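Observations on chain architecture
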Amino acid sequence: MTRTSPDRAKRAEELRQQIRFHDHCYHVLASPLISDAEYDLLVRELLALESAHPELMTPDSPTRRVGGEPAERFTKVRHPAAILSLSNAFSADDVRAWHERIARLDERVSAARFVVEAKLDGLTVVLHYRDGVFELGATRGDGEVGEDITPNLRTVRVLPLRIPIDPKRGKAPRRLVVRGEALIYKQAFLDLNARLAEAGQKTYINPRNAASGALRQLDPALTAARPISLACYSIVEADGTPPATQWDTLSYLRDLGFPVAEGATRCASLDEAIAVSLSAREHRDSFPFEADGMVIKLDDLVVARELGVVGKDPRGAVAFKFPAEEVTTVLQDIGVNVGRTGVITPYAILEPVEVGGVTVRQATLHNFDFIRERDIRIGDRVMIKRAGEVIPYVMAAIPEARGGAEKAYRMPGCLLAFG
Ligand code: IVH
């Protein structure tokens, strides 16, 4: 074996640092500092060095994002601390009732501040770092034991393989376990489904299913092909003294190089936290990601911890849920509308179902290609969505719910000429 020259080792480390830094600028901060071509040159140089001198390869090398052998099955991982859930509130009154309950338990709560964050609709992940190097990533599982999906998470571009991203920004604790949500942004999801439909492949019902499906692939190459993103929001365990407030936790995580969902608000009172949540509810459609509510958290993490848990729900935070926008029902038949300009649009005649306080009986099916490409059949259980003022629409059929009596749709003969 040839000895690795110290210069080569130094160059490899330099390249790794530069690539990590530019990955962060590009994927997390969305403001690249160099061109794609310059970036590719760095990656190619590192790949060449590593393949000529495999001893230079490190587990945190950015070239390791794509690799990884398909696994036979996932192994189980016990979480270092319970990965808790959240209790739900569906109205401002529910939130006030939560506040009163905890104020009775601890007098510090009456004067407490809050942080309000989006409740991201993705898949919870638990990320372990040792000496700043990403070494393990797991799903939540039952909160005590999850599944090891490390090779898949390595392919997620915004996940830092080494922290801090910028060595000038402090030092990572010897051991750090962070919790976040893996998700796919709305636009990336639409693009992904369009690509899949074009290639004649199965599309996904929603971003959550796409993200969770992609992370549960045994072959990491399949995960790598999906536009998965990540937003981190809490520290499960850390050596040393982690930040004492939720607000500081978010900036600490951001400084280390973790992606953190934008738009968290620090509120001086419960009234303000409720107002912020209600306003976010009004604007949920303009979020770049799917959120199913807002999480109101006590900012003081010492008070939050001392309040303890009820079952699996910590007392120090509450999920203020948005009304559901997606429900399933049965597609009883398909009708057609002829617009003023002669455009023909198929619509679903549904078993009536309530979404957000309104009974929905019909939903648009967009066009005939949509029915064919998504293989939507009469009698299918379908997922429909009613968001804001938009006309309810059919998102997809749920083929797993088929009983065998469903029938493929046939366009009325008189319309075939238009199809
Ligand atoms: S805090 C003790 N914050 O919502 C920490 N959870 O119904 C409790 N979730 O599975 C969780 N966004 O993974 C928290 N900003 C956020 C969140 C969030 C999404 C998920 C969480 C959990 C579920 C609880």
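Before going into details, it helps to say that this report is about the structure given with it.

The rules behind the values
Throughout this description, residue numbers start from 1 for each chain and increase along the sequence as written. The predicted nature of this model means local features are confined to residues of pLDDT at least 70 and side-chain atom pairs, given and counted, to a pLDDT of 80 or more, with totals for whole chains, interfaces and linings taken over all residues. To get the side-chain values, take all heavy atoms of the structure and skip hydrogens and water. Paired strands, in this sense, are two strands between which DSSP finds at least two bridges. Helix and strand labels come from DSSP, where a helix needs a run of H or I of at least four residues and a strand needs a run of E of at least two; each type is numbered from the N terminus. What counts as an axis is a line fitted to C-alpha atoms, over the stretch in contact for a helix, and the angles between N-to-C directions run from 0 to 180 degrees. For this analysis, residues touch if any pair of their heavy atoms sits within 4.5 Å. Only centres within 6.5 Å qualify two rings of Phe, Tyr or Trp (six-membered ring in Trp) as a pair; their planes then separate them into stacked at under 30 degrees, edge-to-face at over 60, and tilted for everything else. Buried means the residue's accessible area, taken with a 1.4 Å probe over protein chains only, is under 20% of the maximum for its type, while exposed means over 50%, and partly exposed covers the values in between.

1. Topic: the sheet that holds strand β9 (residues 265-267)
- In spatial order, the strands read β2-β13-β10-β3-β9; together these five strands make up an open sheet with mixed pairing. The two strands at the open ends of the sheet, each matched to only one other strand, are β2 (87-89) and β9. Across the sheet, the mean angle from the axis of one strand to that of its neighbour is 35°, orientation sign disregarded.
- Across five bridges, strand β10 (residues 291-298) lies against strand β13 (residues 317-321) in antiparallel orientation. Each residue of the ladder has a partner; that of V295, found in β13, is A319.
- Its contacts with the sheet place helix α3 (residues 92-105) against β2, β3 (114-120), β10 and β13, and it is angled at close to 170° to β13.

2. Points about the packing of aromatic side chains
- Within the structure shown, the criterion is met by six aromatic pairs.
- Taking 5.2 Å as the distance between ring centres and 90° as the angle between the ring planes, the aromatic pair formed by Y129 and F258 counts as edge-to-face. Here Y129, found in strand β4 (residues 123-130), pairs with F258, found in the loop between α8 (246-256) and β9; they are 129 residues apart in sequence, far enough to count as distant.
- Here Y129 falls in the buried class, since its relative accessible area comes to 0%.
- Connected via pairs of aromatic rings, a cluster forms that spans Y129, F134 and F258.

Coordinates in, geometry out; function isn't part of it.
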